[in-house]
Structure formats: C-alpha cells, structure tokens
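# Notes for the structure review
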Amino acid sequence: AQSVAQPEDQVNVAEGNPLTVKCTYSVSGNPYLFWYVQYPNRGLQFLLKYITGDNLVKGSYGFEAEFNKSQTSFHLKKPSALVSDSALYFCAVRDTYGGATNKLIFGTGTLLAVQP
Amino acid sequence: DAGVTQSPTHLIKTRGQQVTLRCSPKSGHDTVSWYQQALGQGPQFIFQYYEEEERQRGNFPDRFSGHQYPNYSSELNVNALLLGDSALYLCASSPTYNEQFFGPGTRLTVL
C-alpha cells in the first residue's frame, strides 16, 4: 500500500534558524509528492509539489523541498524560519491505485513551532 | 476569483441524525474530493466526484454519500451520525488530475 510517514510529531526551531520537516514515502512507480500547511481552524494550503525534474522544488512563502529517490524522502526546508511559519504541516502522495484520480494519501502531520 | 468555499462553517448534531455539507469548487475546477480530518490526524479520503459520478471511494461506510451537480458543486451527506463522525470535513477541488485546492472545512460535532 502506498503511504507517507512523518516521523516527528513536533519540530521546534528558533526564529531565523533553518528548519526541516521530514517526510518519507512508500509508493510503487514514480511518486507525486506534495506539502500542505494548515493554520488553526483553517483548511489546507498548497505549498509545493514534486512530479518530475529537479530534485529541489521551490514553493510558496520561501519553502522548498528536496526529493531523494534513494532515501525515499521528501523533506520540507526553509533557510530562515519565521514565527508566522508556526503551523501544522502535512506531506502527501498521490495514490496511483484505484483508477485515474488524484486522490491524496496524507501523513499524520508535523507541528512546527517557531520561537521568537 | 473565489477559492473553494464550504458551508456551513460549524455544525452540531446529535447521534442518529443526518447532515448535509456543501462545497463550491474553485472556478474552472471540475473535480471535487471530500476528506475527513479527525482531531490530531491527517485528512482521510472519503470519495471523489467527476462529471457528476463518484469516481473513487475511500474506506468509509455507505452512510457517507455524495452528489455533484452540473455546475460542479458538491454535497456530502452522512446518515445515522455516530460520535466518531465528529471531525473537520474538507472539500478539495482540482482541474482534472491536477493538484487539489482545499476549502476551509466544516467542523462537525456529534453529541
């Protein structure tokens, strides 16, 4: 079965420091990978995606993600964290089973806390 | 251009009741998916609608049903509500086979 794992429930980082939120995946075939962010009492906002091409993907709000096929990872990164980046982050993979849909399978989420 | 909209924002029901949640997709999007996000969990896929047909279904019982209208808007219906149905229900729309854009969700509380 296809899945994603986010091994950290919470990541704490000081404002101005680099941040990394980890994600590993398990899929058959080529992975379509996504990162979404969720602020309290809000829906999910799309940050970035990897379909094919460069392993370093740039997205919204200064975030980027590095695709590593050998390690089956898709870690989210930002060079300098802001307090306003504090939110819940979800990694997701497109399910390639069950017909031609773009159904997403989500990880359990990682809470990012940026301290001033 | 409005994004994905959902109504109502919040809803409180009692066990055994029925509920209908509504979603209007982003302009130009023809595919609507519904997800259930329980507290502390990632969203779980319920089903997806395209061309007014249910195209794929997740691991949810038949109490969960849906509909898509010709203008691509969609409804999620849940019958015989259980306490465990309390969750944030997210609607997502997309152009065919592309990335999904999510609405703000409907918070359902079952008492």
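Everything discussed here concerns the structure shown above.
Our subject in this report is the structure included herewith. Computed from a prediction, not measured in an experiment: that's the story for all the values here. (Residues numbered from 1 in each chain as written. Chains lettered and ligands numbered in written order. Predicted model: local features only at pLDDT ≥ 70, side-chain atom pairs only at ≥ 80, totals over all residues. Heavy atoms only, no water.)

### As for the overall build of chain A
Defined as follows: Put simply, DSSP marks the helices as runs of H or I at least four residues long and the strands as runs of E at least two long, and each gets a number from the N terminus on. In this description the radius of gyration comes from C-alpha coordinates, and the expected globular size is given by 2.2 Å times residues to the power 0.38. For every residue, the accessible area obtained with a 1.4 Å probe (protein chains only) is divided by the maximum for its type, and the residue is called buried under 20%, exposed over 50%, and partly exposed between those limits.
Helix and strand counts for chain A come out as zero helices and twelve strands. For chain A, the α and β elements follow one another from N to C terminus as β-β-β-β-β-β-β-β-β-β-β-β. Taking 13 Å as the expected radius of gyration for a compact globule of 116 residues, we find that chain A reaches 14 Å, a close match to that expectation. Buried positions account for 46% of the 116 residues belonging to chain A.

### Some words on the nonpolar core
Cut-off, in case you're wondering: The set of buried Ala, Val, Leu, Ile, Met, Phe, Trp, Tyr and Cys residues whose side-chain atoms join them within 4.5 Å is what this entry labels a nonpolar core. Between two residues, a contact is recorded if the distance between any of their heavy atoms is within 4.5 Å.
Residues A:W35, A:L47, A:L48, A:F74, A:L76 and A:Y89 are the most contacted members of the largest nonpolar core, which totals 27 residues. Elements represented by at least two residues in this core include exactly β2 (10-14), β3 (19-21), β5 (33-38), β6 (44-50), β8 (64-68), β9 (73-78), β10 (87-94) and β12 (110-115) of chain A. By residue number, the principal contributor to this core is β10(A), which donates four residues. Non-local contacts of A:L47, meaning those with residues more than four positions away in its chain, are made with A:W35, A:Y36, A:V37, A:G59, A:S60, A:Y61, A:F63, A:L76 and A:Y89. Grouped together as the second largest cluster of nonpolar side chains are 20 residues, B:V4, B:C23, B:W34 and B:C91 included.

### Focus: the state of the cysteines
Residue and element names in this part refer to chain A. Stated formally: For this text, the term disulfide refers to a pair of cysteine sulfurs within 2.5 Å.
Applying the stated criterion across every chain yields a total of two disulfides over all chains. C23 shares a disulfide with C91; S-S distance 2.0 Å. Every disulfide takes its handedness from the sign of the S-S torsion; for C23 and C91 that torsion is -60°, giving left-handed. Remark: C91 occurs in strand β10 and C23 occurs in the loop between β3 and β4 (24-26); sequence separation between them is 68 residues.

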